[in-house]
Amino acid sequence: MKNLKKYYLYKPVIFFSLMILKVIVAVLFQTIPLLIYYIVNLITESGDFKLFIYVGIAALCLILVSISMNLFEEYNSHKYIDTITELYRKDVFQGILNLDLTEINNKQVGEYLSILNKDVTSISDKHFTAVFDSVSTISAIVMGFVVSCILNWIITLFIFFMSAMVVLVPMLLSKKIYTRFNEYSLAVSELSKYFENFLNGSLIVLNCNAIHKIANIVNEVDKDLLKKENKYWKVISFDNNIVQILILLLQFFTVFFACLLVHYGLAKVAICVAFLQIGTTIYSPLTQLISSYSYIKSVKGVVNRLSEFTKLTDKKVNKCDIKDPSISVSGLTISYNDRKILDNVSYTFDFGKKYMLTGKSGIGKSTLLNSIFGYINKESGEIDFFNENERVENTNDNSNSLIGYVHQKPYLFIGSLVENITMFSKEPDMEKVNKIIKQCRLDDFASQRGLNTPLDNSNNSISLGEMQRISLARILYLDKPILFLDEVTSSLDENNAHAINGAIKELDNKLVIWISHDKDTQNLSWLDLKLIIQDSKLIETQI
């Protein structure tokens, strides 16, 4: 509960107003058995028909008022739950984006999609809604016992002990319910991961004629999910059925006991009728409270897992403002599966210079840039940003502040060309945007698609080369002092590649590291130095 307190109290005045309204509605509903008792008593005992009519009208008015207030309360409670669910999902999403880069890199998108969809919805349905419902049900139960005491304290005592037995069942099963739901939630994340992985590689699956094999693999994961789901619902079903049986027994024995009291002259006939109504006003809320308790306990593990993300929502980004930074790499070693990719690499990348980084495919070029950026963990070594006056580590915040990274696989966001370049800036510098569009040879693209028209690549109408140029434009707009370019011209034709080369060449006061292949050496002869990764070492040569 403490992990979600912030959301319940998002708007404390509204929250407590709704809680008070829930109590008032519960009190109004629970006075109905009392009125029924007086109505029946008037007919069976006093025979005052006129008073009977007045009390009946009063009871009808009370029922109408109670129903109206209940509808108003439920509508506004639902709105409030929607609001805090929206806030909660936003915070979880923001927390995921604030994760350490290496942690994001170690997980697949499918896991996060499952968290944002399935897990957040579960918390909304099984925690937020259950807690709101619990306030109503607890109020109804307490008021029900008060009314019951007014009518007959002996029957009330009997109801109390029987109710305690009903409540005991879910408490005994709560640990089992929690365990089963947690297993089910993790299985959903696992299946989402597999779906995302194979759908992203659907063209390869099709090309390799592996549809049947892949479908069987996913089916096995799905079977495991269904097994865990079945185990969860078995526990829930058993819990609900036992509670229902106990509630029915409680209702039967309550009326039976009341009839015995009437038979022996210890209570009036009206008591039996009143306690029939109490069966609705106490036992139904009691059933609902037990369900709410089970739901809240079941998502406890999910709440704890997601709290790891919500804690990062307000994470402070410490922007690094070091001027003219160079990069120092000292003793850097990185291995994959006992194979050394980089072995004790040391080098200084000087600010103001432009480097070509080359080597065979898979030799470690991207690994070097990713380790400097902080996207992958290093086995050993030190990486710093420095100038004449200061030196700072390559933390996530420092890397994001200083480095603009154009990846080998470009990415477009749902939005317009301007939004993709400026990363959804509310007040973009359009003069700068237009200048960069020309630099990156996006003039024709902008005139055809428009600057502010949402880009639609659902039918692959945007080429890889166009996506690379948009990605480059995005980084140039950010104007960071260090540029990492991972084969940015690999998908461009000769004219566009030449234009991009010219745009990068004209950049002043930047440290540029450009991953490229040996065949591009002639086109990139204007770069200052050529670095080759060979035998896990970094070798400097002249271009």
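Our subject is the structure that appears above.
Here goes a summary of the coordinates provided. In this text the structure is predicted, and so the values were computed from the model without any measurement.

## Structural notes on the overall build of the protein
- Helix and strand content of the protein: 19 helices and 10 strands.
- Across the 543 residues that make up the protein, the buried fraction comes to 48%.
- Put simply, of all contacts in the protein between residues at least 6 apart along the chain, 77% involve residues at least 24 apart.

## Thoughts on helix H16 (residues 430-439)
- Those residues of H16 that fall on the buried side of the exposure criterion are Val433, Ile436 and Ile437. Down the axis, H16 shows its buried residues gathered within 105 degrees of arc, on one side only. Those residues of H16 that are exposed and angled more than 90 degrees off the buried face are Glu431, Lys435 and Lys438.
- Among the structural elements, helix H15 (417-422), helix H17 (443-449) and helix H18 (464-478) are those in contact with the buried residues of H16.
- The residue sitting at the N-terminus of H16 and contributing the capping side-chain oxygen is Asp429; that oxygen lies 3.3 Å from the backbone nitrogen of Glu431.
- Once H16 ends, the next one or two residues include Arg441, with phi positive near 55 degrees.

## Concerning the pattern of salt bridges
- For the structure on display, the rule yields 12 salt bridges.
- When the shortest N-O distance is used, the salt bridge between Glu220 and Lys223 registers 3.6 Å. One end of the pair, Glu220, and the other, Lys223, are both in helix H9 (residues 211-263), three residues apart, so they sit about a helical turn from each other.
- Looking at Glu220, the relative accessible area reads 49%, which means it is partly exposed.
- Of the charged contacts, one joins Lys228 and Asp224 as a salt bridge, the two residues approaching to 2.9 Å between their closest N and O atoms.

## As for the packing of aromatic side chains
- Throughout the structure, instances matching the rule amount to 20 aromatic pairs.
- Pairing Tyr7 with Tyr88 gives two aromatic rings, centres 5.0 Å apart and planes at 85 degrees, and the pair type is edge-to-face. Taken together, the residues span a long stretch of sequence, with Tyr7 in helix H1 (residues 5-8) and Tyr88 in helix H4 (residues 49-97) at a distance of 81 residues.
- When the ring of Tyr347 is compared with that of Phe349, the centres are 4.9 Å apart and the planes differ by 65 degrees; the resulting orientation is edge-to-face. You'll find Tyr347 and Phe349 in the same group, each marked buried.
- Three or more aromatic residues joined by ring pairs form one cluster here, namely Tyr7, Tyr8, Phe15, Phe16, Tyr80, Tyr88, Phe128 and Phe132.
- If you follow Arg391 out to its NZ or CZ, it ends over the ring of Phe386, 4.5 Å from the centre.
- Sitting over the ring of Tyr477, Lys432 keeps its end group 4.8 Å from the ring centre.

## Here's the deal with the layout of surface pockets
- Of the pockets and cavities examined, the second largest pocket occupies roughly 540 Å³.
- Asn70, Glu73, Glu74, Ser136 and Gln288 are the residues nearest the centre of the second largest pocket, which is lined by 27 residues in total.
- Put simply, the parts of the chain that give the lining of the second largest pocket at least two residues each are helix H2 (12-30), H4, helix H6 (109-151), helix H10 (269-281) and helix H11 (283-298).
- Element by element, the count of residues in the lining of the second largest pocket is highest for H6, at eight residues.
- Grouping the constituent residues of the lining of the second largest pocket by class yields eight nonpolar, 13 polar and six charged.

## A closer look at the environment of Tyr178
- With respect to the helices and strands, the residue Tyr178 is situated in helix H7 (residues 153-200).
- A sequence separation of 123 residues divides Tyr178 from Gly301, and the C-alpha atoms of the two residues are 7.1 Å apart.
- With sequence-adjacent residues up to four places away left out, Tyr178 is seen in contact with Lys297, Ser298, Lys300 and Gly301.

## Describing the sheet that holds strand S2 (residues 339-349)
- With respect to topology, four strands assemble into an open sheet ordered S2-S1-S4-S5, the strand pairing being antiparallel. A single partner strand is all that each edge strand has here, and the edge strands are S2 and strand S5 (391-393). In this sheet, adjacent strand axes meet at a mean angle of 25 degrees when their direction is disregarded.
- Both strand S1 (residues 326-336) and strand S4 (residues 380-386) contribute to a ladder of six bridges, which runs antiparallel. Its bridge partner lying in S4, Ile327 is registered against Phe385.

## Concerning unusual backbone geometry
- A positive phi is found at Glu487, a non-glycine position, where the angle reads about 50 degrees.
- Note on Glu487: relative accessible area 11%, which makes it buried.
- Despite not being glycine, Ser536 has its phi angle at roughly 70 degrees, a positive value.
- Inspection of the secondary structure assignment puts Ser536 in the loop between strand S9 (529-534) and strand S10 (537-541).

## Overview of the nonpolar core
- Judged by nonpolar contacts, the single largest core of 42 residues is most densely connected at Tyr88, Val92, Phe128 and Leu306.
- Every element with two or more residues in this core is listed here: H1, H2, H4, H6, H7, H9 and helix H12 (300-310).
- For this core, the leading source of residues is H6, giving eight residues.
- Apart from residues no more than four positions distant in its own chain, Phe128 is found in contact with Leu4, Tyr7, Tyr8, Ile81, Ile84, Thr85, Tyr88 and Ile123.
- Residues Ile322, Phe351, Ile513 and Ile533 belong to the second largest nonpolar core, which totals 35 residues.

## What about the pairing of S2?
- Pairing analysis gives seven bridges linking S1 to S2, with the strands arranged antiparallel. Looking at the pairing, Val329 lines up with Tyr347 of S2.
- Counting the residues between successive antiparallel strands, the hairpin from S1 to S2 contains two residues, one of them, Asn337, with a positive phi of roughly 50 degrees.

## Quick notes on the sheet that holds strand S8 (residues 511-515)
- With mixed pairing, the six strands of this open sheet are ordered in space as S6-S7-S8-S3-S9-S10. At either end of the open sheet lies a strand with only one pairing partner, and these are strand S6 (403-406) and S10. Direction aside, the axes of adjacent strands within the sheet are offset by 20 degrees on average.
- As defined by bridge partners, strand S7 (residues 482-486) adjoins S8 across five bridges and the pair is classed as parallel. Note that in S8 the partner of Asp486 across the bridge is Ile515.
- Contacting strand S3 (354-358), S6, S7, S8, S9 and S10, helix H13 (residues 365-373) crosses the sheet at an angle of about 145 degrees to S6.

## Details of the packing of H16 against H18
- Here H16 crosses H18 at 135 degrees, and the two axes come no closer than 10 Å. As the angle between them shows, H16 and H18 are arranged oblique. Like other packed secondary-structure pairs, H16 and H18 cross with a definite hand, here right-handed. Touching Lys432, Val433, Ile436 and Gln439 of H16 are Ala473, Leu476 and Tyr477, all from H18.
- Split into classes, the residues belonging to the contact of H16 with H18 amount to five nonpolar, one polar and one charged.

Conventions used here
Residues numbered from 1 in each chain as written. Predicted model: local features only at pLDDT ≥ 70, side-chain atom pairs only at ≥ 80, totals over all residues. Heavy atoms only, no water. Helix = DSSP H or I, 4+ residues; strand = E, 2+ residues; numbered from the N terminus. Buried < 20%, exposed > 50% of the residue type's maximum accessible area, 1.4 Å probe, protein only. Contact = heavy atoms within 4.5 Å. Arc of directions from axis to C-beta. Polar contact = N/O pair within 3.5 Å; in protein donor to acceptor, adjacent residues only side chain to side chain. Salt bridge = Lys/Arg side-chain N within 4 Å of Asp/Glu carboxyl O. Phe/Tyr/Trp six-rings, centres within 6.5 Å; stacked < 30°, edge-to-face > 60°. Lys NZ or Arg CZ within 6 Å of the ring centre and 35° of its normal. 1 Å grid on protein atoms, 1.4 Å probe; cavity = no way out; pocket = protein on both sides within 12 Å on 5 of 7 lines; lining within 4 Å. Points joined across faces, edges and corners; volume = space filled by probe spheres on them. Nonpolar A, V, L, I, M, F, W, Y, C, P; charged D, E, K, R; others polar. Pairing = 2+ DSSP bridges. Axes fitted to C-alpha atoms, helices over the stretch in contact; angles between N-to-C directions. Core = buried A, V, L, I, M, F, W, Y, C linked by side-chain atoms within 4.5 Å. Parallel < 35°, antiparallel > 145°, perpendicular 65-115°, else oblique. Left-handed = near helix turned anticlockwise from the far one by under 90°.

Nothing here speaks to function; it is all geometry.
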